[in-house]
Protein chains: 2
Amino acid sequence: MSTLPRIAFLGTGLMGDPMSRRLLKAGYPLAAWNRTRDKAEALAAAGAAVADSPADAVRDADVVITMLTRGDTVADVLFAQGAAAAMRPGTVVIDMSSIRPDEARDHADRLKAMGIDHLDAPVSGGTVGAAEGTLSIMAGGDPDLFERLRPVFTAMGRPTLIGPSGSGQIAKLANQAIVATTIGAVAEALVFAERAGADPAKVRDALRGGFADSRILDLHGGRMIARTFQPGGRTSSQIKDLENAAAAAASVGADMPFATLAMGLFRDLLAHAGDVDHSGLWIEIDRRSREG
Amino acid sequence: MSTLPRIAFLGTGLMGDPMSRRLLKAGYPLAAWNRTRDKAEALAAAGAAVADSPADAVRDADVVITMLTRGDTVADVLFAQGAAAAMRPGTVVIDMSSIRPDEARDHADRLKAMGIDHLDAPVSGGTVGAAEGTLSIMAGGDPDLFERLRPVFTAMGRPTLIGPSGSGQIAKLANQAIVATTIGAVAEALVFAERAGADPAKVRDALRGGFADSRILDLHGGRMIARTFQPGGRTSSQIKDLENAAAAAASVGADMPFATLAMGLFRDLLAHAGDVDHSGLWIEIDRRSREG
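To keep things clear, this report deals only with the structure shown in the data block. (Residues numbered from 1 in each chain as written. Chains lettered and ligands numbered in written order. Predicted model: local features only at pLDDT ≥ 70, side-chain atom pairs only at ≥ 80, totals over all residues. Heavy atoms only, no water.)

1. As for the overall build of chain A
Right, on to step 1. Check the secondary structure of chain A and you find 14 helices and nine strands.
Right, on to step 2. Against the globule reference of 19 Å for 292 residues, chain A gives a C-alpha radius of gyration of 20 Å, in line with a compact fold.
Right, on to step 3. Overall size of chain A, expressed as C-alpha extent along the three principal axes, is 65 × 45 × 35 Å.
Right, on to step 4. Counting the 292 residues in chain A, one finds 58% classified as buried.
Right, on to step 5. Long-range pairs, those at least 24 residues apart, make up 65% of the contacts in chain A with a sequence separation of at least 6.
Right, on to step 6. Here chain A has roughly 10800 Å² of accessible surface; of this, 50% comes from carbon and sulfur atoms.
Right, on to step 7. Distance between charge centroids for chain A: 3 Å, based on 31 positive and 35 negative side chains. (Helix = DSSP H or I, 4+ residues; strand = E, 2+ residues; numbered from the N terminus. Rg over C-alpha atoms; globule rule 2.2 N^0.38 Å. Buried < 20%, exposed > 50% of the residue type's maximum accessible area, 1.4 Å probe, protein only. Contact = heavy atoms within 4.5 Å. Areas by Shrake-Rupley, 256 points an atom, 1.4 Å probe, with all protein chains shown as cover. Lys, Arg positive; Asp, Glu negative; His and termini not counted. Charge placed at Lys NZ, Arg CZ, Asp CG, Glu CD.)

Structure follows, in structure tokens:
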């Protein structure tokens, strides 16, 4: 069968909008719904049908993609607002939101009881990766289902099946914890270098290609040196992810001292500087250094 | 003048040996000295003259390279053991050891009073980078002197002049602090993933190319997954560098909470598992997780 599956995309915000556009560009029929309707309507010109409610969006869909802020938002849209009840049996829900692994498994179980399949498939790569179709997609769920949906994923990025339901969210939390701590490492190193009298831009140049090199040193280190802290990746999102990581780590008895430290510093950053880009952790380390 | 400057290499151990071989391969006449003489003698077959003492090694040298463990060892070899006194005026000392910035400036001042030039030029990239001639070289000192010595540096790696005397050591401490914390970030993320039931090798694969990607995730993450913790970069060296970073940071009022956390954990690792590769921080995070 050569007809592409029909997709319902629930949550067409900062990330969902460019991801939807990649799917439309790849030829998928797509119905868009967003809580703030004008964000869904922005996709009409690219060929999306705009739906009035989650239930309306999913009624004729083969695949339902959710890209929402939190686990309870996903549950609200799927269950309280009646999206799952409006799906035909055999529909596949791909939840690309970043939520807790236990929430993902709970959603999978509740959908299975209604005859609906589920994959968790959170992403890394930000709005740039979403627009370019180069997102890292970390999936959890049934391997056959994953393979069947591979072309849908490939339209948005590079998918990896980690393991059973919830595993995608585990990988995403590992990803976020590493990102948060690496931002902290780069921030304190650049603050130190500058206070010690070395040009932080030259230090960053010298470190490129060595063992300290990373995507964070490149991109976020550049923002720290230029003092450009517009999001990007919000501090509030970073805190949410670190709180989810802390809860998940506690539930399996994993010690995450670096992520715990980062969580505290990002909370201080939010209190002192507002919801800036997460590279703004530089501001908090600099502030702490000045106050001594 | 086409004659290459004569080099004396003091400290031909784990790093100094392959660095000396790069210089010999590039055609530099080279006298080698090492505290344990057989390590210098290993270079004779590659064309090095083997010296009996630091003073013997440097007597005819235009450039003296020191690659030693600590700042007080460098001072001992240069001043107590009489190397500096045996140098002709106009000789250049390139100290490629990783020592404190204030020690580097002190050595530069003392040598200057004797008519000897000095550059601090610590490296990053490990034994592999030393053997391949791809070290990141972070230099501090006079720009004209740096340019004059550029061919010597280029035989060993990629040099960047950071700024005045001591700046190379500042960049190196920034480098080491980032390396130590990134190792911690990767270690705790992989311990978490495994305890949460996800295959850490697949998590690492999924994270490659995303914002969590780094040289450390690649190389040291691989060692963590394979449980191969032979040095490589020793835990004891990591602790020395973090102690130097802590001292330098305190002297300029820079807050380094992540490096401080890493220093404590590496000390615990040394106490519990011995002087393993620094990727062995995984062992310590795993141990803490098991003990709860």
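Once the structure has been displayed, the description carries forward.
2. Description of the relation of the copies chain A and chain B
Right, on to step 1. Least-squares fitting of chain A to chain B yields an RMSD of 0.1 Å, with the transformation described by 0.0 Å of translation along the axis and a rotation of 180°. What the rotation and shift describe, once combined, is the action of a two-fold rotation axis. In terms of C-alpha distance to the rotation axis, chain A has Ser 214 of chain A as its closest residue, with the C-alpha 2.0 Å off the axis.
Right, on to step 2. The residues that chain A uses at the interface reappear at the interface of chain B in 100% of cases, marking a shared surface. (Least-squares fit on C-alpha atoms with pLDDT ≥ 70 in both.)

3. Topic: helix α1 (residues 16–25) of chain B
Right, on to step 1. Most of α1 of chain B sits inside the fold, with seven of its 10 residues counted as buried.
Right, on to step 2. Positive backbone phi, approximately 100°, marks Gly 27 of chain B, located one or two places after α1 of chain B.

4. Details of the interface of chain A and chain B
Many analyses report the size of an interface as the accessible area lost when the parts associate.
Right, on to step 1. Each partner contributes to the interface: chain A provides 62 residues, whereas chain B provides 62 residues.
Right, on to step 2. For the pair chain A and chain B, the summed buried area comes to about 5500 Å², and 69% of that belongs to carbon and sulfur atoms.
Right, on to step 3. For the chain A face of the interface with chain B, the top three residues by lost area are Phe 192, Phe 211 and Phe 258 of chain A, together amounting to 17%.
Right, on to step 4. At the junction of chain A with chain B, the criterion picks out two salt bridges.
Right, on to step 5. Linking Asp 255 of chain B and Arg 288 of chain A is a salt bridge whose minimum nitrogen-to-oxygen distance equals 2.5 Å.
Right, on to step 6. Run the count over chain A and chain B and you get 22 residue pairs in polar contact (both at pLDDT 80 or more).
Right, on to step 7. Looking at the side of chain A that touches chain B, the elements that each hand over two or more residues are β8 (135–140), β9 (157–163), α9 (167–195), α10 (200–207), α11 (215–226), α12 (235–252), α13 (257–273) and α14 (281–291) of chain A.
Right, on to step 8. A total of 17 residues in the side of chain A that touches chain B trace back to one element, the largest contributor, which is α9 of chain A.
Right, on to step 9. Tallied by class, residues from the side of chain A that touches chain B come to 37 nonpolar, 15 polar and 10 charged. (Buried area = accessible area lost by both parts, 1.4 Å probe. Salt bridge = Lys/Arg side-chain N within 4 Å of Asp/Glu carboxyl O. Polar contact = N/O pair within 3.5 Å; in protein donor to acceptor, adjacent residues only side chain to side chain. Nonpolar A, V, L, I, M, F, W, Y, C, P; charged D, E, K, R; others polar.)

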